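Remarks on the overall topology
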Amino acid sequence: MAKIITVCNQKGGSGKTTVSMCLAGALANKGKKVLVVDADAQGTATRWAASAEETTSFPAAVIGLSVANAKVHREIKKFVNDYDYIIIDCPPAADSPVPQSALLVSDLAIVPVIPSPLDLWAAVGIREIISQVKTINENLEARLVVNQCQANTSLAKESLEILSDFGIEVCQTKIGQRQVYRQIAIFGQTINQVGKKAGFALTEIDTLTKEVLEILHPQLAKVEVA
């Protein structure tokens, strides 16, 4: 049965699709069968995958389910026996029922945030939704992923300090502000397909993927440590 990851934040431009597609590519690179559910009416993930050349097609399946709205969790259940991982790319809308619906059947909620006070304030809404859903889906885990991080700036440093009190655990891996993330979207690629040319981005996504797998499979992490 598939492990389900919902990537959500009510703030637009936080990097939900980038995180979704990079994670999907990294998991597929490990030989896993991955489905990306594009639950955003803008269809960014769908267009991303469609931009790939035939010889280097996107390694994960991508389907659009934005029309399902509050019933998206019911549609996702139809695929759980066909994939190892299902990643749901949610819309950036405060009034959308999609995130709450998706979280009902999810194992992990990933919330990408840009390290700035405005973006952190905007993310409070999704924190409340996650908290509400956890009363029903008690096994739901949640993590913040810092995106477009410029670690050497004073603003980023101050924002990262605030994150510790946000109420959702922060992933150790931080995603930098790098041109390559825009490039792979244009050409329908994954970081792994770019390979060593992706530089630090390849390391970022690989380490983030490792963190995600340790959250989803804590028993495997214990074996590795032992």
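The structure reproduced in this document is the subject of the present report. (Residues numbered from 1 in each chain as written. Predicted model: local features only at pLDDT ≥ 70, side-chain atom pairs only at ≥ 80, totals over all residues. Heavy atoms only, no water.)

Some words on the overall build of the chain
Broken down by element type, the chain carries eleven helices and six strands. A globule of 226 residues ought to have a C-alpha radius of gyration of about 17 Å, and the chain, at 16 Å, matches this closely. With respect to the principal axes defined by its C-alpha atoms, the chain has extents near 45 × 45 × 40 Å. Classification of the 226 residues of the chain by burial places 50% in the buried group. In the chain, of all internal contacts separated by at least 6 residues, the share reaching a separation of at least 24 is 80%. (Helix = DSSP H or I, 4+ residues; strand = E, 2+ residues; numbered from the N terminus. Rg over C-alpha atoms; globule rule 2.2 N^0.38 Å. Buried < 20%, exposed > 50% of the residue type's maximum accessible area, 1.4 Å probe, protein only. Contact = heavy atoms within 4.5 Å.)

Focus on the pattern of salt bridges
In this structure the tally under the stated criterion is six salt bridges. Close ionic contact of D119 with K11 constitutes a salt bridge, the shortest N to O distance being 3.5 Å. Highlighted residues: D119 in helix 5 (residues 117-122) and K11 in the loop between strand 1 (3-7) and helix 1 (16-29), separated in sequence by 108 residues. You can call D119 buried: its relative accessible area is 10%. The network of salt bridges with shared partners includes E141, R143 and E169. (Salt bridge = Lys/Arg side-chain N within 4 Å of Asp/Glu carboxyl O.)

Let's talk about the pairing of strand 6 (residues 141-146)
The side chains of a regular strand alternate, residue by residue, between the two faces of the sheet. Counting buried positions along strand 6 yields five of six residues, so the element is predominantly enclosed. Where strand 5 (residues 108-113) lies against strand 6, six bridges are found, and the strand directions are parallel. If you follow I110 over to strand 6, its bridge partner there is R143. (Pairing = 2+ DSSP bridges.)

Some words on unusual backbone geometry
As a rule of thumb, non-glycine residues mostly have phi less than zero, and peptide bonds are mostly trans rather than cis. The phi dihedral of N69 falls on the positive side, at around 50 degrees, and the residue is not glycine. As for its position among the elements, N69 is in the loop between strand 3 (61-64) and helix 3 (72-76).

What about the side chain of S20?
Looking at the secondary structure, you find S20 in helix 1. Look past the residues within four positions of S20 in its chain and what remains in contact with it is V7, I87, I88 and D89.

Describing the environment of T190
When you line up the elements, T190 lands in the loop between helix 8 (179-186) and helix 9 (191-194). Residue T190 is classed as buried on the basis of its relative accessible area, which comes to 2%.

Quick notes on the sheet that holds strand 3
Ordered in space as 3-2-4-1-5-6, the six strands form an open sheet in which the pairing is parallel. Among the strands making up the open sheet, the edge pair consists of strand 3 and strand 6. With direction set aside, neighbouring strand axes in the sheet form an average angle of 20 degrees. In this sheet, strand 4 (residues 85-89) lies alongside strand 2 (residues 34-38) in parallel orientation, the contact comprising five bridges. Within the sheet, the bridge partner assigned to V36 lies in strand 4 and is I87. Against the sheet, helix 1 makes contact with strand 1, strand 2, strand 3, strand 4 and strand 5, and its axis sits at roughly 165 degrees relative to strand 4, the strand it touches most. Running over the sheet, helix 10 (residues 200-216) touches strand 1, strand 4, strand 5 and strand 6 and is turned about 150 degrees from strand 5. (Axes fitted to C-alpha atoms, helices over the stretch in contact; angles between N-to-C directions.)

Describing helix 8
Along helix 8, the residues classified as buried are V180, Y181 and I184. The buried residues of helix 8 occupy an angular sector of 105 degrees when the element is viewed end-on, so they sit on one face. The inward-facing, buried residues of helix 8 contact helix 1, helix 2 (44-50), helix 9 and helix 10. (Arc of directions from axis to C-beta.)

As far as function goes, none of this settles anything; it's purely spatial.
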